[in-house]
Amino acid sequence: MAPISYCHDPKWWAYHWWLDDMYLAQPLCLPVNVNPGMLFPPQNIKSNNDIALLAARVIANAYHWWLYDMYLAQPLCLPVNVNPGMLFPPQNIKSNKTSLCWQLAKALPVERATSREKGQPLCMAQFYRLLTSYRAPGNLKDSLYNTEPDSPAPRQHVIIGCRNQFYALHLKTKDRSEVLTEEEIASSIMSILNSPATITTPPVGILTTQRRDIWAESRDLLRQGTHL
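Below, the structure is looked at part by part.

Reading the values: rules and limits
- Residues numbered from 1 in each chain as written.
- Predicted model: local features only at pLDDT ≥ 70, side-chain atom pairs only at ≥ 80, totals over all residues.
- Heavy atoms only, no water.
- Helix = DSSP H or I, 4+ residues; strand = E, 2+ residues; numbered from the N terminus.
- Contact = heavy atoms within 4.5 Å.
- Areas by Shrake-Rupley, 256 points an atom, 1.4 Å probe, with all protein chains shown as cover.
- Salt bridge = Lys/Arg side-chain N within 4 Å of Asp/Glu carboxyl O.
- Buried < 20%, exposed > 50% of the residue type's maximum accessible area, 1.4 Å probe, protein only.
- Core = buried A, V, L, I, M, F, W, Y, C linked by side-chain atoms within 4.5 Å.
- Pairing = 2+ DSSP bridges.
- Polar contact = N/O pair within 3.5 Å; in protein donor to acceptor, adjacent residues only side chain to side chain.

Secondary structure assignment for the protein chain yields six helices and five strands. Of the regular secondary structure in the protein chain, the N- to C-terminal order runs β-α-α-α-α-β-β-β-β-α-α. Taking contacts inside the protein chain between residues at least 6 apart in sequence as the whole, the part at least 24 apart equals 57%. With the model as given, the accessible surface of the protein chain reaches about 16,700 Å², and the carbon-plus-sulfur share is 60%.

Now the structure itself:
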C-alpha cells in the first residue's frame, strides 16, 4: 500500500490546497458517513441469520461489481486508443509486473463535462479508488493511501462493527486464490453476530473519536505494542 501521489506541476496547486485544507489537515475526528442516496427495498428481518444473509448479499455484489465491472470485464482485446485529450495522474511505475495489467485495465469510458467547458474530459481516477482508499491519521496532517488490485497480495477485506468491537472479514480464502461465496461470507458474519457480548479486548475503536493528531499518537503506540 503506497500513498497516492500527484504531479508537482503548478497546474495541480488547487488540488493540493483543497485536499489539505478541506480534508487531510483538518484535526476533527471523522464522522460516520451514512449515505441516504443508497436505498434498499424493505426487508422482513426476523433473526440474525436474515441480517447475515442480507449483509453478505450486499458485500458480495459490491465486491464482484468492483472487481468484475471495473477491471475484469473491460475489453482489453480491443486496440489501444491513445487519446491525447485524456490526462491521467502521474504514476509511480516501479516494474512492468505490477503496473502493466493495471494500467491497461483502467479502461472505463471517460466522462465529459456537459455544461461548463462542454466536452472537456473529466478525471476518472476516483472510480478506480472505490473501496480501496484509506485515510491514515498523522501528527501534522493525515495521509491518503490506496491499495490497487494488482499489488502483491492485497488485503481484500471489509470491517464490521459489532458490540463495540471491530472485525476484519476477509473476502478471499486463506491462500488468497479464491473469492468467498455469498454463503461463506454469511457464515463469517454469523460468527461475528454470535460472538460473546462481553469481550475482554479493549474497545480501541473509541480512540478514533479523538482529534486526528491525538489519534495518530495513540495509533503509533498501539502499533508498537505499547499499553496506553
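Using the criterion set out here, one finds five salt bridges in the structure. Where arginine 212 meets aspartate 142, a salt bridge forms, and the shortest distance between an N and an O atom there is 2.8 Å. Taken as a pair, arginine 212 in helix α6 (residues 212-223) and aspartate 142 in the loop between β2 (133-136) and β3 (143-146) lie far apart in primary sequence, 70 residues in all. Overall, the relative accessible area of 2% leaves aspartate 142 in the buried class. One salt bridge connects arginine 211 with aspartate 213, and the closest N-O pair in it is separated by 3.1 Å. Within the structure, one salt-bridge network assembled from shared partners comprises Arg135, Asp142 and Arg212.

On to the nonpolar core, then. In this structure, Leu169, Leu171, Ile185, Ile189, Ile192 and Leu193 are the most contacted members of the largest nonpolar core, which totals 19 residues. Those elements that place two or more of their residues in this core are α2 (48-72), β4 (157-162), β5 (165-170) and α5 (182-193). For isoleucine 192, the residues in contact, after removing those within four places along its chain, are Ile160, Cys162, Arg163, Tyr167 and Leu169.

Moving on, we get to the pairing of β5. Side chains of β5 alternate between two faces, with Gln165, Tyr167 and Leu169 buried and Phe166, Ala168 and His170 left unburied. Taking the residues between adjacent antiparallel strands as the criterion, β4 and β5 are bridged by two residues, where arginine 163 takes a positive phi near 50°.

This part covers the environment of tyrosine 134. Structurally, tyrosine 134 is set in strand β2. Through-space distance from the C-alpha of tyrosine 134 to that of threonine 147 is 8.4 Å; in sequence the pair is 13 residues apart. Separated by 3.4 Å, the side chains of tyrosine 134 and arginine 219 make a polar contact.

Quick look at the pairing of β4 now. Sheet topology note: the β4/β5 ladder contains six bridges and is antiparallel. Opposite glycine 161, over in β5, you have phenylalanine 166 as the bridge partner.

Our next topic: the side chain of arginine 135. Along the chain, arginine 135 falls in strand β2. Looking at arginine 135, the relative accessible area reads 19%, which means it is buried. Among the polar contacts listed, one links the side chain of arginine 135 to the backbone oxygen of tyrosine 23, at a separation of 2.6 Å. For arginine 135, the contacting residues outside a window of four places in its chain are Tyr23, Leu24, Gln26, Leu30, Asp142, Ser143, Leu144 and Arg212.

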